[in-house]
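The lines below spell out each chain.
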Amino acid sequence: MIPSLRSLLHLAVVLLILACIEAAAPTQIGNGYRLISVDKTSDGALIGHLQVNRKNNIYGPDIPLLQLYVKHETNDRLRVHITDAQHQRWEVPYNLLPRQQPPTPSKQTTQTSITSTEFAGNELIFTYTPNPFSFSITRKSNGETLFNSTPDGSNTYTSLVFKDQYLEISTQLPKTASLYGLGENTQPHGIKLYPNDPYTLWTTDQSAINLNMDLYGSHPVYMDVRNVGGEASVHGVLLLNSDGMDVVYRGTSLTYKVIGGVFDFYFFAGPSPLDVVDQYTQLVGRPAPMPYWSLGFHQCRWGYHNLSVVEDVVENYKKAEIPLDVIWNDDDHMDGHKDFTLNSKNYPHPKLINFLNKIHSRGMKYIVIIDPGIGVNSSYGTYQRGLANDVFIKYEGKPYLAQVWPGPVNFPDFLNPKTVTWWVDEIRRFHELVPVDGLWIDMNEASNFCSGLCSIPKGKQCPSGTGPGWICCLDCKNITKTRWDEPPYKINASGTQVPIGYKTIATSAVHYNGVREYDAHSIYGFSQTIATHKGLQGLQGKRPFILTRSTFVGSGHYAAHWTGDNKGTWDDLKYSISTMLNFGIFGIPMVGSDICGFYPAPTEELCNRWIELGAFYPFSRDHANYYSPRQELYQWKSVAKSAKNALGMRYKLLPYLYTLTYEAHTTGAPIARPVFFSFPNIAKLYELSTQFLLGSSLMVSPILDKHQTKISVMFPPGTWYNLFDLSRVVVAKETESFSMDAPLHVINVHLYQNTILPMQRGGLISKEAKTTPFTLIVTFPAGATEGEAKGKLYIDNDELPEMQLGNGQSTYVEFSAKAENGLVKVWSNVEEGKFAIEKGLVIEKVTVLGLTGVRGGVAVEVEGGAGGDVSTVELVETDHLFFDEMKVGKGSKKSKMVEVKGLEIPVGKKFMMTWKMAIV
């Protein structure tokens with residue numbers, strides 16, 4: 001071989017190797033930025049400017065100059081805001097989600113007057129590297145790095161990228177971090193985020209049966225739990241951005257790939273899970289106050305064809321003696337599926353009003369559905385008034401045409417103040433026609449049965465009136481001519497990178513003030529929720545109740561949520577727990593899934609198990625599809641039995657659940673929460689997705705598989721009492737699992753030690769249940785000779801818009817108990833007791849668990865003397881039965897259940913109860 005040929009071959013091999021290496025390496029989307037100035041603002045924040053290092057055009061040109069703004073907004077919240085320094089960019093509107101506004105973008109750069117690269121607050125420290133620019137957030141108390149955008153050298157991600165339609169930033173993560181959040185999606189692996197699962201955020205009308213896909217809501221927030229040496233610390237991270245995004249979690253890193261907007265990060269210091277949710281909801285809005293009746297049981301179905309069917313459902317629940325508070329209508333009551341209308345044939349107005357008067361006198365409530373799409377119909381008043389007020393989203397100057405249940409529709413633009421005024425007025429008009437007690441807003445992602453630019457077909461009826469109503473019958477063509485319809489980076493929409501305008505509003509359509517649907521898409525449901533809340537709040541001064549399908553950051557401040565179209569399968573039963581727990585983290589604690597599944601027909605066994613679990617969802621509703629068989633709880637004798645058992649307990653727990661809604665409203669604390677929330681140092685619990693807590697100490701452990709009559713329940717260390725039989729006790733010396741009996745009509749619910757749980761007698765409707773006498777369940781560790789227990793109770797006039805003390809219409813009680821030196825004390829401290837006294841609420845029984853019996857009698861002192869008579873008091877002592885004949889420990893004292901009956905202690909007055917412990 002001649003030398004020159006050998007050299008050429010050698011060069012070819014080298015080039016081939018280099019090409020292979022280049023192909024294997026990820027594409028360098030950006031080259032980062034450098035900090036060119038930084039200074040302090042008058043309010044103590046940092047402001048700086050970042051200049052692009054070297055431009056490239058992948059996904060569009062880099063924005064050359066960025067503005068950096070960093071502020072410790074509170075002692076435990078740090079904000080990092082990065083935007084274009086030369087042009088205003090889209091952000092979540094400040095009037096929808098009120099918060100501090102950063103300085104207006106400015107291309108003016110100042111000389112750097114700060115030499116330190118650290119910016120410390122009370123607990124969080126912001127540290128930056130100037131070139132290429134990156135930043136980290138560390139915890140001052142232990143030096144732990146919570147977020148670090150510096151590339152880790154692995155080529156899995158790059159430096160900061162900021163283009164018009166593509167933003168990217170990453171953080172390193174320790175492999176041992178446990179992450180939760182980033183929804184809405186159905187997570188098959190449970191509550192903990194799973195490396196390499198897709199997390200795409202883009203509100204989509206896609207059934208919840210679709211796993212690991214973008215669903216109805218967008219919540220770009222996660223909670224990060226770290227455990228070092230058995231000590232946990234927890235923080236939260238929110239990227240406040242409504243544009244579509246993929247969040248890539250690899251286990252050791254997390255990357256945001258966003259198709260617009262700005263980087264607006266909020267870091268929450270925790271350090272406990274409840275602290276993080278408290279800090280998060282302090283920013284985005286505390287959960288809405290809920291009316292008491294909303295905690296009762298709800299029945300709904302798409303396909304209640306006429307009023308007689310609805311009347312029969314209500315009466316059959318009553319005959320079966322299954323609790324029911326709220327009856328719902330899907331769109332069956334409407335005239336041609338049109339909002340704010342009534343079908344005069346199937347729901348004649350006089351008969352409907354008579355029915356509502358009847359159920360309202362009983363204390364029951366009535367809720368109907370409203371979809372955002374307004375039918376295009378010249379004889380339809382709502383539509384005509386909307387046109388006159390110019391309230392609809394536009395495409396090229398005309399109302400954007402779509403198709404939903406009524407057929408051709410236009411979508412109201414809730415970013416337009418005129419639209420909100422019109423919507424509020426339509427709610428008022430409808431309420432004058434039908435005095436509903438709440439509204440259910442659906443299809444508000446927004447859902448569209450068609451895609452693209454559509455027109456009403458000539459010469460044919462659309463829809464035809466036969467077959468499924470969701471088949472597109474408009475004449476449509478795809479819209480591909482703008483970068484807003486076909487952005488350079490395609491998020492993993494619907495799991496297959498479908499166009500982002502697929503089956504929704506075209507993303508190049510225009511809202512008020514020129515805002516593109518591209519940016520505002522994922523806040524559509526949120527903006528409708530706010531408008532609906534305003535409309536309901538103006539009616540009779542009552543507390544609103546709204547159920548919404550599409551949610552965003554802050555939706556919990558106005559509404560409850562259900563998890564959408566699920567399936568009547570055992571897998572969907574399991575998934576419902578993780579989704580419910582995620583929404584507690586998202587600040588939407590009033591949440592539940594369709595009990596027994598939306599479709600298809602559930603088995604009888606599944607429906608038994610689902611009502612056992614669903615009775616302990618914060619929002620408890622049976623709902624079914626038009627094409628499914630009837631599945632009201634009385635349809636099967638066995639399901640009715642399970643319902644009476646589980647819902648019977650729920651109705652006894654209503655005062656506890658209502659107190660939890662008050663806690664949620666004042667602190668953000670989820671009603672239903674992961675077990676690790678109360679035991680954050682126990683890493684074994686971080687993946688537990690088959691059990692959950694109501695509040696801090698009531699653990700629900702449902703059967704989630706068919707043909708099972710035993711269940712493995714994981715118990716954190718301590719004493720747990722069976723709520724359905726308080727004489728039965730489980731003592732766990734460490735976190736361990738026990739096989740518990742769970743025959744068909746039984747669900748395991750256990751109450752933890754050191755708790756005081758207020759309960760009532762229950763009933764078939766919350767209006768009656770909330771007037772019955774109280775029982776206090778006081779729990780100590782089994783066999784204890786000393787210890788403490790605490791509990792709370794909040795009651796109010798639940799029709800008032802606000803849920804608060806200080807208005808003369810509420811009472812708050814803190815219960816305490818202590819055992820020491822052979823003496824037991826149970827007492828209360830009462831704030832604003834007048835309301836409870838006026839309602840005649842009394843405590844009739846106190847049950848103390850875990851101590852020895854009573855030596856001598858019981859003394860009761862009540863503020864003002866009333867209710868302190870012990871002549872009618874009865875003492876009942878029952879030995880505890882320990883699981884699997886387990887003893888508390890060698891040489892320990894025997895444990896008893898002591899019931900003090902026959903009391904008449906006013907809830908609104910302070911009391912003290914004492915007795916001496918028996919000597920064993």
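Source: prediction; values computed, not measured. Each chain has its residues counted from 1, running along the sequence as written. In view of the model being predicted, local features appear only for residues whose pLDDT reaches at least 70, and side-chain atom pairs are presented and counted only at 80 or more, with totals across whole chains, interfaces and linings using the full set of residues. Each side-chain value is worked out from all heavy atoms of the structure, with water and hydrogens disregarded.

**Q** Could you clarify how one ought to interpret the overall build of the protein chain in this entry?
**A** Here a helix means four or more residues in a row that DSSP labels H or I, a strand means two or more in a row labelled E, and each is numbered from the N terminus. Helices and strands together make up the secondary structure of the protein chain, namely 14 helices and 53 strands. Counting only C-alpha atoms and orienting by the principal axes, one finds that the protein chain spans roughly 110 × 70 × 65 Å. Burial status follows relative accessibility: with a 1.4 Å probe on protein chains alone, a residue under 20% of its type maximum counts as buried, one over 50% as exposed, and anything between as partly exposed. Relative to its 920 residues, the protein chain shows a buried fraction of 61%. Of all intrachain contacts in the protein chain linking residues separated by at least 6 positions in sequence, the fraction that spans at least 24 positions is 70%. Summing over all exposed atoms, the protein chain offers an accessible surface of approximately 33900 Å²; the carbon and sulfur share of this is 51%. Here the protein chain contributes 83 positively and 89 negatively charged side chains, and the mean placements of these two sets differ by 1 Å. Only heavy atoms matter for contacts: two residues are in contact if any of them lie within 4.5 Å across the pair. Computed with the Shrake-Rupley method and a 1.4 Å probe, the accessible areas treat only the protein chains shown as cover for residues. Two residue types count as positive, namely Lys and Arg, and two as negative, namely Asp and Glu; His and chain ends fall outside the count. A charged residue contributes its charge at one atom only: NZ of Lys, CZ of Arg, CG of Asp or CD of Glu.

**Q** It is not clear to me how the packing of aromatic side chains should be interpreted in this structure. Could you clarify?
**A** To describe a pair of aromatic rings, you give the distance between the ring centres and the angle between the ring planes. A pair of aromatic rings is counted whenever rings of Phe, Tyr or Trp (Trp by its six-membered ring) have centres within 6.5 Å, and the orientation is called stacked for planes under 30 degrees apart, edge-to-face for over 60 and tilted otherwise. Applying the stated rule across the entire model yields 57 aromatic pairs. A ring pair is formed by Phe 265 and Phe 267, whose centres lie 5.8 Å apart and whose planes are at 20°; its orientation type is stacked. Judged by its relative accessible area of 2%, Phe 267 is buried. Ring geometry for Trp 422 versus Trp 423: centroids 5.8 Å apart, planes at 50°, classification tilted. Like Trp 422, the residue Trp 423 is buried in the burial classification. Grouped by ring-pair contacts, the aromatic residues Phe 126, Tyr 128, Phe 133, Phe 135, Phe 147, Phe 162, Tyr 256, Phe 263, Phe 265 and Phe 267 constitute a single cluster. We count a charge as sitting over a ring when the NZ of a lysine or the CZ of an arginine lies within 6 Å of the ring centre and within 35 degrees of the ring normal. Between the NZ or CZ atom of Arg 621 and the centre of the ring of Trp 562, over which it lies, the distance is 5.4 Å.

**Q** Got a minute to help me understand the sheet that holds strand E46 (residues 823–831) in this structure?
**A** Hydrogen bonding along the main chain pairs the strands of a sheet, whether they run parallel or antiparallel. In this description, strands pair whenever DSSP reports at least two bridges between them. Taken together, the five strands give an open sheet; going across it, the order is E44-E45-E46-E53-E48, and neighbouring strands pair in antiparallel fashion. Each edge of the open sheet carries a strand with a single partner, namely strand E44 (787–796) and strand E48 (854–862). When strand polarity is set aside, the average angle formed by the axes of neighbouring strands in this sheet is 10°. The sheet contact formed by E48 and strand E53 (residues 911–917) spans six bridges and is antiparallel. Lines fitted to C-alpha atoms define the axes, with helix axes restricted to the stretch in contact, and inter-axis angles between N-to-C directions lie between 0 and 180 degrees.

**Q** What should I look at first to understand the packing of helix H9 (residues 570–585) against helix H10 (residues 604–614) in this one?
**A** A pair of packed helices is captured by two measures, namely the crossing angle of their axes and the spacing between those axes. One can describe the packing of H9 onto H10 by two numbers: an axis separation of 10 Å at closest approach and a directional angle of 10°. The orientation of H9 relative to H10 falls into the category roughly parallel. Note on element contacts: H10 touches H9 through Glu 605, Leu 606, Arg 609, Trp 610 and Leu 613, opposite Trp 570, Asp 572, Leu 573, Ser 576 and Ile 577. For this scheme, ten residues count as nonpolar: Ala, Val, Leu, Ile, Met, Phe, Trp, Tyr, Cys and Pro. Four count as charged, namely Asp, Glu, Lys and Arg, and the remainder, Gly too, count as polar. Residues of the contact of H9 with H10, tallied by class, amount to six nonpolar, one polar and three charged. The cut-offs work like this: below 35 degrees is roughly parallel, past 145 is roughly antiparallel, 65 to 115 is roughly perpendicular, and the gaps in between are oblique.

**Q** What's the story with the side chain of Ser 527 in this structure? I'm lost.
**A** Checked against the element boundaries, Ser 527 lands in helix H8 (residues 524–537). Looking at Ser 527, the relative accessible area reads 4%, which means it is buried. A polar atom in the side chain of Ser 527 sits 2.8 Å from the backbone oxygen of Tyr 524. Once residues within four sequence positions are removed from consideration, Ser 527 is found in contact with Leu 96, Phe 414 and Leu 415. Distance and chemistry together define a polar contact, namely a pair of N or O atoms within 3.5 Å, with one atom able to donate a hydrogen and the other to accept it when in protein, and with adjacent residues in sequence counting only for side-chain atoms on both sides.

**Q** Hey, could you run me through the state of the cysteines in this one?
**A** In a disulfide, the sulfur atoms of two cysteines are held together by a covalent bond. Whenever a pair of cysteine sulfur atoms sits within 2.5 Å, that pair is classed as a disulfide. A full pass over the atoms with the stated rule returns four disulfides. The partner cysteine of Cys 454 in its disulfide is Cys 476, sulfur to sulfur 2.1 Å. Taking the torsion about the S-S bond as the criterion, the Cys 454 to Cys 476 disulfide, at about 110°, is right-handed. Taken together, the residues span a long stretch of sequence, with Cys 454 in strand E27 (residues 453–455) and Cys 476 in strand E28 (residues 475–477) at a distance of 22 residues. Cys 454 gets classed as buried once you look at its relative accessible area, which sits at 10%. Shown here is the disulfide that connects Cys 596 with Cys 607, its sulfur atoms set 1.9 Å apart. One disulfide, between Cys 596 and Cys 607, carries an S-S torsion of 85° and so falls in the right-handed class. With Cys 596 in the loop between strand E32 (594–595) and H10 and Cys 607 in helix H10, the pair connects residues that are 11 residues apart, well separated along the chain.

**Q** Teacher, can you tell me more about the confidence of the model for the protein chain here?
**A** One rule of thumb: low pLDDT means the predicted coordinates there are not for detailed reading. As a per-residue measure, pLDDT tells how confident the predictor is, with possible values from 0 to 100. Scored by pLDDT, the protein chain comes out at a mean of 94, with 95% of its residues at no less than 70. Within the protein chain, helix H1 (residues 3–24) has the poorest average pLDDT of any element, 43, and strand E35 (residues 692–694) the best, 99. The low-confidence segment residues 11–25, where pLDDT is below 50, has zero contacts with residues more than four positions distant or belonging to other chains. In this model, residues 886–893 is a region of pLDDT below 50 whose contacts with residues beyond four sequence positions or in other chains number seven contacts.

**Q** What is the right way to look at the nonpolar core in this model?
**A** Among buried residues, those of type Ala, Val, Leu, Ile, Met, Phe, Trp, Tyr and Cys that are joined through side-chain atoms within 4.5 Å constitute a nonpolar core. Formed by 193 residues in total, the largest nonpolar core has its most connected members in Leu 238, Ile 327, Phe 616, Leu 633, Phe 692 and Leu 694. Each residue touching Phe 616, except ones within four places of it in the same chain, is listed here: Ala 646, Met 649, Arg 650, Leu 653, Phe 692, Leu 694, Val 700, Phe 724, Ile 747 and Val 749. If you look at the next biggest cluster of nonpolar residues, it comprises 46 residues, including Val 38, Leu 50, Ile 63 and Ile 137.

**Q** Teacher, can you tell me more about the pairing of strand E11 (residues 178–183) here?
**A** Two faces belong to every sheet, and in a regular strand the side chains alternate between them. Most of E11 sits out of view: six of its six residues are buried. Bridge count for E11 against strand E13 (residues 219–228) is five bridges, and the pairing is antiparallel. Bridge pairing in E13 links Gly 183 to His 219.

**Q** Where do I start with the sheet that holds strand E21 (residues 374–375) in this structure?
**A** Strand order in this open sheet of three strands is E21-E25-E24, and the pairing throughout is antiparallel. The open sheet has two edge strands with one neighbour each: E21 and strand E24 (401–404). As paired strands, E24 and strand E25 (residues 407–410) are joined by four bridges and run antiparallel to one another. Across the sheet, Ala 402 pairs through a bridge with Val 409, a residue of E25.

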